[in-house]
Amino acid sequence: MDATAHTHDLGHEHPPKGIMRWLTTTNHKDIGTLYLWFSLIMFLSAGSMALMIRAELFEPGLQFFQPDFFNQLTTLHGLLMIFGAIMPAFVGFANWLVPMMIGAPDMAFARMNNWSFWLLPPAALLLLGSFFVPGGAAAAGWTLYPPLSIQMGMGMDMTIFAIHLMGISSIMGSINIITTILNLRAPGMSLMKMPMFVWTWLITAYLLIAVMPVLAGAVTMLLTDRHFGTHFFNPAGGGDPLMYEHIFWFFGHPEVYIMILPAFGIVSQIIPTFARKPLFGYASMVYATASIAILSFTVWAHHMFTVGMPAAGQLFFMYATMLIAVPTGVKVFNWVATMWRGSMTFETPMLFAIAFVCLFTIGGFSGLVLALVPVDIQLHNTYYVVAHFHYVLFSGAAMSIMAGVYFWLPKWTGHMYDERLGKLHFWTTTIAFNITFFPMHFLGLAGMPRRIPDYALQFTTFNQVASVGAFLLGMSQLIFLVVVLKCIRGGKKAPSKPWEGADSLEWTLPSPAPYHSFQTPPVVK
Amino acid sequence: MSENKQGYYVPTPSIWPIVGSLALLSLAIGATLLFNDLKGGLPMLGIGFAILVYMLFGWFGTVIRESESGRYNRQVDTSFRWSMSWFIFSEVMFFSAFFGALFYARVISVPMLATQKLLWPNFVASWPSSGPYLTNAFRPMQAWGIPAINTLILLTSGATLTWAHWGLVKNNRVQLKLGLLVTVLLGLSFVTLQAHEYLHAAFSLSTGVYGCTFFMLTGFHGLHVMLGTTMLIVMLVRSLKGHFTPEHHFAFEAAAWYWHFVDVVWLLLFIFVYWL
Amino acid sequence: MLDKLVARTGGGVALMLASLSARADLQYNLQPPATNVASQIYNLHLMVLWVCLGIFVVVFGAMFYSILRHRKSLGHKAANFHENTLVEITWTVIPFIILMAMAYPASKTVLDMKNTSDADMTIKVTGYQWKWGYHYLGQGVNFFSNLSTPRSEIENLQTKDKHYLLEVDHPMVVPTGEKIKLLITSNDVIHGWYLPAFGIQQDAIPGFVKSVWFKVDEPGTYRGQCAQLCGKDHGFMPIVVKAVSPQDFTKWIQAQKAAVVTYNPNKTYTEAELVQHGAQVYAANCAACHQANGKGIPGAFPALDGDPIVNGPKAVHIETVLNGKGGRMPAWKDQLNDFDIASVITYERNSWGNHTGEAIQPAEVKALRK
Ligand code: HEA
Ligand code: HEA
Ligand code: CUA
Ligand SMILES: [Cu+2]
């Protein structure tokens, strides 16, 4: 295996060719690329499921799918978007960028890095394959609440094992990222000099290590309740279905910040670049990120305001949840202050970043509305919640990923992307996104429950608007695919620093970045 | 052993990760088939397990060879330390999920069920409990028999392991090997005693929340003891082969950290599962 | 003070929105509240909405001003400030204060919602896959409430009724002006009893009873749905509450008591009688899973047509229906009486391709009850 390594450790410039290169690679850029492609494929498949959902919901009545299959679509759409599209995309960014930004040659554990990635395709196989087994895929919602999830067929077991695999992958990936950041920084790169993106990932990785094992424990208990006669979630034996909800959301809430903190990081790289002005309040950004992470462990029961807990519990979780608006607000204000009196230009990454700040804040505000217990009791499990989390997840997480892709594509491929198509993608996405999800607020306020395949007549118009928007949104993503493919295959040569205002270390390397980032560590003043 | 000064060590491409993924995929498919009474479950599990063992030998073998050929410098050593600490932290969180379940059942769900007179008119809260519906009486595990002995065994093994470490640092190889050997034997006797306890238990995994929290917590702990013992056996074999130097022996320390972690979990188990 | 302000702006906005929603199904806000708690929620939501809108306008007003003026194409040169402790402290403290102002009225409403003491009447509500059971405690009235929208409307074979999917065979009837306490629980999985106009949403959790209350003043029909994903027919278990005057309510209760169907436990029924009643029981309770044609749903619910249990020994069949099976087939012993069970079993054993020719009598079911 390692015969060549004896001569020169860093010198294997000739990786194996063909498929073996990708199966066995230990290179952070190859692995980053794998993650990003995997994520895009999952985004398109989970997106296609969303389009099937929206097609069924275009009109009242059952048109295309039976209710049971509809629930499978909802469940797998949620699971694949979260675990298949968003999280791997951010890990892909971390792989590509963290070593370059801190001046390291690669990740701390290159082989384990490969394993972290290659656990994902088997997990995806289990999830997608579960559609084809007797009983179909899991249909209990992505939250997999028992006792409903106890009733499912074998698709549920495949989902549980897939979650185990993705959990192992995330934990190994995070250990790798933390170690790389803490131990492999170039001389002079003190913690408080690290780019914001690196900071947000450091904190995200810590969250991941803290909560993924808890999720693994929760689904393991589901598995034994299903097959080995345990009574964790069965009141007949002294258990409680709510116990699952508590354990799940102890994972679940930090999980949503896992999906937004790296997005904050990406945006914090992009805005200063195009405002040609340093990030405002760097230190307070770091502290705000850390506070969000710490607070995120104390708010989980805001997903459970309707289970009937005592008033004291409801009040505590309400106050804690509202508190998160403070550090998040600090971030929003800092971004605006960064733009203030800058010298701005509006290339595609900047457009996405600005839309992110604006639309994420709308999602944050609807989160705040939901944090108020009485209002949440009205709106829990309605489309208002669906609207809230698509504003933070699509226009938050997913659009930050798009911003990041445009921002770093020149560094990754060595070519400039097609600016005209990029802008087209931006405008169609932003407009279609709002057509799709804004009406969902009204649906939720009017009382339309989520996870239903059919609805009462008074919800028709807004559902039709949303469905039309969803198909436009789906089509816009094909433009994205075209831009990326075009950029890989050719285009204007990118200089090492294509953006005038960029200043982190990755822009000191040539474009495309060399196979090994920094063979000799750069010195940071 | 000359230290690699040329900067950071990046290994060459490796097949082990993808082999490992194959192993886990086979295990997942095998378990799904088995649990749903479908054909081919056991063979599939067997295949997965075999691949996994093959992968572990291959992967760790590679790492040991690289380490012994001096390719890991100080920086790599620090990386290993960070990673092992964070790995143990993730294990702590895994156990917290199950401890959380135990505390939730004891403090919240069982007492609350006893107040639901409309549904369970005759249920009285107590611990241990198997819930309002399963009425057959059972005898819970007693703390001051085998569990107490097992506590002693694990505490002693922690001490002998530290003694072995001192031997290694002083370059007293006999003390190292002897210490390791005794620790491994203690670990094995712990597992044996626990197996005995399981075989004679007067209740099962399906005896309500008491049964399931008991067996899941002690069971996962038992698995960790076995894993820790395996690590220590590997360390013993490596010391017999002359591996490790007083300055450079992180593998040994990692195994020791892990062992101490397993130790602490046991103390908590002893207090909260057996005793109180 | 704040309350008044909120109420006033709330009213104004409601008017504005009402004019906007000339089209019946374009509703932009919460449903019109029918209880005091619900109107508190209504106003709270409006207040928070306005505050958030205000912050949004200020923050993004600044941002868009900057986007318009501070651009390179206008020749604007970048400043170089990147810190200002005073400003940073200010925008940490001000949001905090705003949040406290929101939390105060919200907390008051929470305490109000939790106060279930001094109820005039108690109804136990049980969620089943997929219907609601209502039990008027102390009055001896209980019944199930099933979706009454016909299949043909759902499958688009017939035009849909105005109350499509929000209509039931037996609505829950309550008197106006009385404080009514609901004890909510479930028989199988988690359901959610959600009635927007009352400001109530309470999960129905198996094994536990949770209580909520409401007092409604206007007589009328209020509609909601199960809110917690509970399996295949989650979208098809609506909730309908009819509030009537106390006098009408008393009449209704009396009528319910009189209408309890009796059957003769010792009578030997003919196969035809049993099959006729059994067909109704089957359609109301079993067809959801095993389907009207008895073919089930492959992989999820077994076919009863040609099934070995249905064509095998009677006792096994009866016990399966009484006690359920495998955790997924519900136990029916508490929901159906001996006559219902005898009938549905007779129906199953003599329908589709099953021709056992047997008539199961209520007494046989009674004998197997534990
Ligand atoms: C990226 C993901 C993400 C993010 C970042 C958030 C952020 C927040 N979320 Fe959200 N949430 C989800 C993803 C996310 N959420 C998902 C997926 C669900 C549904 C899960 C399911 O059931 O399937 C959910 C559900 C959910 C609920 C439960 C709803 C229900 O089921 O009934 C609640 C309730 O409190 C909530 C609250 C919040 C709050 C208060 C924030 C805050 O962090 C937002 C803070 C931000 C701001 C407030 C805006 C910026 C601030 C300012 C400009 C400062 C000034 C502001 C003020 C003073 C008001 N979320
Ligand atoms: C990051 C996460 C994320 C993202 C990006 C999205 C994206 C979208 N979601 Fe998502 N959604 C969730 C996370 C996400 N969702 C979660 C967690 C749930 C809760 C699940 C649950 O209740 O358990 C949910 C639930 C949910 C519902 C509620 C379902 C229900 O309650 O029954 C709906 C309904 O409209 C919906 C719609 C959409 C739409 C239209 C998009 C669009 O943005 C999608 C855009 C479309 C595409 C990207 C498709 C592009 C592809 C093509 C055009 C086809 C070409 C194909 C190939 C080339 C292969 N989602
Ligand atoms: Cu009952 Cu959803
Ligand atoms: Cu949350």
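Above this note sits the structure.
Predicted model, so just to flag it, every value in this text is computed and none were measured. Sequence order as written defines residue numbering, which begins from 1 separately in each chain. Here the convention is simple: chains get letters from A, ligands get numbers from 1, in the order in which they are written. Local features in this predicted model are restricted to residues of pLDDT 70 or higher, and side-chain atom pairs are both shown and tallied only at a pLDDT of 80 or more, whereas totals for entire chains, interfaces and linings draw on every residue. Hydrogens are left out, water is left out, and the side-chain values use all remaining heavy atoms of the structure.

### Considerations on the overall build of chain B
Point 1. The helix and strand tally for chain B stands at seven helices and zero strands.
Point 2. Taken from the N to the C terminus, the helices and strands of chain B come in the order α-α-α-α-α-α-α.
Point 3. Working definition: with a 1.4 Å probe on protein chains only, accessible area under 20% of the residue-type maximum means buried, over 50% means exposed, and in between means partly exposed. Burial statistics for chain B: of 276 residues in total, 51% are counted as buried.
Point 4. The criterion used for residue contact is that any of the two residues' heavy atoms lie within 4.5 Å. Of the contacts made within chain B by residues no fewer than 6 positions apart, 72% connect residues no fewer than 24 positions apart. The helix count covers DSSP runs of H or I at least four residues long, the strand count covers runs of E at least two residues long, and both are numbered beginning at the N terminus.

### Quick word on the coordination of the iron atom of ligand 2
Residue and element names in this part refer to chain A.
Point 1. Those protein atoms acting as donors to the iron atom of ligand 2 are His77 (NE2) and His390 (NE2), and they sit at 2.0 Å.
Point 2. Only nitrogen, oxygen and sulfur atoms qualify as donors, provided they sit within 2.8 Å of the metal or within 3.2 Å for Na, K and Ca; with water excluded from the atoms, sites may seem incomplete. Tetrahedral means four donors with every angle between 85 and 135 degrees, whereas square planar (four donors) and octahedral (six donors) require angles over 155 degrees between opposite donors and between 65 and 115 for all others; sites fitting neither are termed irregular. Because the angles between the six donor atoms bound to the iron atom of ligand 2 fall within 87 to 180 degrees, the donor set is best described as octahedral. Of this pair, His77 sits in helix α3 (residues 67-102) while His390 sits in helix α16 (residues 383-413); the two residues are 313 residues apart in sequence, bridging distant segments of the chain.
Point 3. Among the residues examined, His390 registers a relative accessible area of 16% and is labelled buried.

### Considerations on the sheet that holds strand β8 (residues 210-214) of chain C
Residue and element names in this part refer to chain C.
Point 1. Strand order in this open sheet of five strands is β3-β2-β1-β5-β8, and the pairing throughout is mixed. Of all strands in the sheet, those bounded by a partner on one side alone are β3 (141-145) and β8. Going across the sheet, the axis of each strand differs from the next one's by a mean of 25 degrees, ignoring polarity. Pairing between two strands requires that DSSP report at least two bridges joining them. Each axis is a line fitted through C-alpha atoms, taken for helices only over the stretch in contact, and angles between the N-to-C directions span 0 to 180 degrees.

### As for the packing of helix α7 (residues 314-323) of chain C against helix α8 (residues 338-349) of chain C
Residue and element names in this part refer to chain C.
Point 1. At their nearest, the axes of α7 and α8 sit 11 Å apart, and the two run at 125 degrees to each other. For the element pair α7 / α8, the angle class is oblique. Our pair here, α7 against α8, has a crossing hand that is right-handed. Touching Lys314, His317, Ile318, Val321 and Leu322 of α7 are Ile341, Ile345, Glu348 and Arg349, all from α8.
Point 2. Each residue gets one label: Ala, Val, Leu, Ile, Met, Phe, Trp, Tyr, Cys and Pro are nonpolar, Asp, Glu, Lys and Arg are charged, and the others, such as Gly, are polar. Partitioned by chemical class, the residues of the contact of α7 with α8 number five nonpolar, one polar and three charged. The scheme is simple: roughly parallel for angles under 35 degrees, roughly antiparallel for over 145, roughly perpendicular for 65 to 115, oblique for anything else. Handedness of a crossing is defined here by the sense of rotation of the near helix relative to the far one, left-handed for an anticlockwise turn of less than a right angle and right-handed for a clockwise turn.

### A word on the coordination of the copper ion (ligand 4)
Residue and element names in this part refer to chain A.
Point 1. Coordination of the copper ion (ligand 4) by the protein comes from His253 (ND1), His302 (NE2) and His303 (NE2), over a distance range of 1.8 to 2.1 Å.
Point 2. If you list the donors of the copper ion (ligand 4) from N- to C-terminus, the spacing comes out as H-x48-H-H.
Point 3. Between the two metal centres, the copper ion (ligand 4) and the iron atom of ligand 1, the spacing is 4.6 Å.
Point 4. A relative accessible area of 13% means that His302 is categorised as buried.

### Let's talk about the site of ligand 2
Residues and elements named next belong to chain A.
Point 1. Definition of nearness: a residue and a molecule or strand are near each other if at least one heavy atom of the residue lies within 4 Å of the molecule or strand. Taken together, the neighbourhood of ligand 2 is formed by 31 residues, with Arg54, His77, Trp142, His390 and Arg451 sitting nearest.
Point 2. The definition of a polar contact used here is a pair of N or O atoms within 3.5 Å, where within protein one atom must be able to donate a hydrogen and the other to accept one, and adjacent residues in sequence count solely through side-chain atom pairs. In this structure, an oxygen atom belonging to ligand 2 sits 2.8 Å away from a side-chain N or O atom of Arg54.
Point 3. Separating an oxygen atom of ligand 2 from a side-chain N or O atom of Thr74 is a distance of 3.1 Å.
Point 4. If you list the elements that add at least two residues to the shell around ligand 2, you get α2 (28-56), α3, α16, α17 (419-446) and α18 (460-489).
Point 5. Sorting elements by how many residues they give to the shell around ligand 2 places α2 first, with eight residues.

So yeah, pure geometry; function would need other evidence.
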